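Overview (structure and organization)
Listed below, chain by chain, are the residues.
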Amino acid sequence: QAQVNVNVRDNMGRTVLHDICWRPRVELEIFGFLMKVVDPAVLVFPDARGHTPFDYCREEHWPKWNKFLLEERHYLVKQFKAAAP
């Protein structure tokens, strides 16, 4: 455990989740881990171009991402509700 801040953004406003979604392979294990340690809002943070992490997913990977998000929906809803003001 390196105690690294995973909520950091680069000079284009991208987060580590933008990078994971951009990769040529679907990295569900890494994304699943990060999803549990980042601020839930990071999942929908737009970068400087207005794109969220999921906007960078390759079209051929959409079925895998959709399946993953459907499987994790209860966790995601719980996290967003907990983070709401």
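Residues numbered from 1 in each chain as written. Predicted model: local features only at pLDDT ≥ 70, side-chain atom pairs only at ≥ 80, totals over all residues. Heavy atoms only, no water.

Considering the nonpolar core
In terms of nonpolar packing, the biggest core is built from 15 residues, with L17, C21, F31, M35, L43 and W65 touching the most fellow members. For this core, the secondary-structure elements that each account for two or more residues are α1 (16–22), α2 (28–35) and α3 (62–71). Leave out the neighbours within four places in its chain, and W65 touches I20, C21, V26, L28, F31, F54 and C57. (Core = buried A, V, L, I, M, F, W, Y, C linked by side-chain atoms within 4.5 Å. Buried < 20%, exposed > 50% of the residue type's maximum accessible area, 1.4 Å probe, protein only. Helix = DSSP H or I, 4+ residues; strand = E, 2+ residues; numbered from the N terminus. Contact = heavy atoms within 4.5 Å.)

Brief notes about the packing of α2 against α3
The N-to-C vectors of α2 and α3 enclose an angle of 35°; their axes lie 12 Å apart at closest approach. Judged by the twist between their axes, the crossing of α2 over α3 is right-handed. For the pair α2 and α3, the contacting residues are L28, F31, G32 and M35 in the first and K64, W65 and F68 in the second. In terms of residue class, the contact of α2 with α3 is built from 5 nonpolar, 1 polar and 1 charged. (Axes fitted to C-alpha atoms, helices over the stretch in contact; angles between N-to-C directions. Left-handed = near helix turned anticlockwise from the far one by under 90°. Nonpolar A, V, L, I, M, F, W, Y, C, P; charged D, E, K, R; others polar.)

Focus on the state of the cysteines
This model, assessed by the stated rule, comprises 0 disulfides. C21 takes part in no disulfide bond, and the closest cysteine sulfur, belonging to C57, lies 3.7 Å away. C21 sits in the buried class, given a relative accessible area of 1%. Given a relative accessible area of 7%, C57 falls into the buried group. (Disulfide = S-S within 2.5 Å.)

Details of the packing of aromatic side chains
Per the counting criterion, the structure on display carries 6 aromatic pairs. Ring geometry for F31 against F54: centres 5.5 Å apart, planes inclined by 55°, an arrangement best described as tilted. Of the two residues, F31 sits in helix α2 while F54 sits in the loop between α2 and α3, which places them 23 residues apart along the sequence. Between F31 and W65 the ring centres are 5.0 Å apart and the planes differ by 75°, which places this aromatic pair in the edge-to-face class. A residue pair is termed long-range when its members are at least 10 positions apart, and F31 in helix α2 and W65 in helix α3 qualify at 34 residues. Pair check on accessibility: F31 and W65 agree, each one buried. Within the aromatic cluster, the residues linked to one another by ring pairs are F31, F54, W65 and F68. One residue, R9, lies across the ring of F45, its end atom 4.4 Å from the ring centre. Over the ring of Y75 we find K36; its NZ or CZ atom is 4.4 Å from the centre of that ring. (Phe/Tyr/Trp six-rings, centres within 6.5 Å; stacked < 30°, edge-to-face > 60°. Lys NZ or Arg CZ within 6 Å of the ring centre and 35° of its normal.)

Considerations on the environment of F54
Take F54: its relative accessible area is 26%, and that puts it in the partly exposed class. When the C-alpha positions of F54 and L17 are compared, they lie 8.4 Å apart, and in sequence the two are 37 residues distant. Among residues more than four places away in sequence, those in contact with F54 are C21, F31, L43, W65 and L69.

Geometry only, nothing functional implied.
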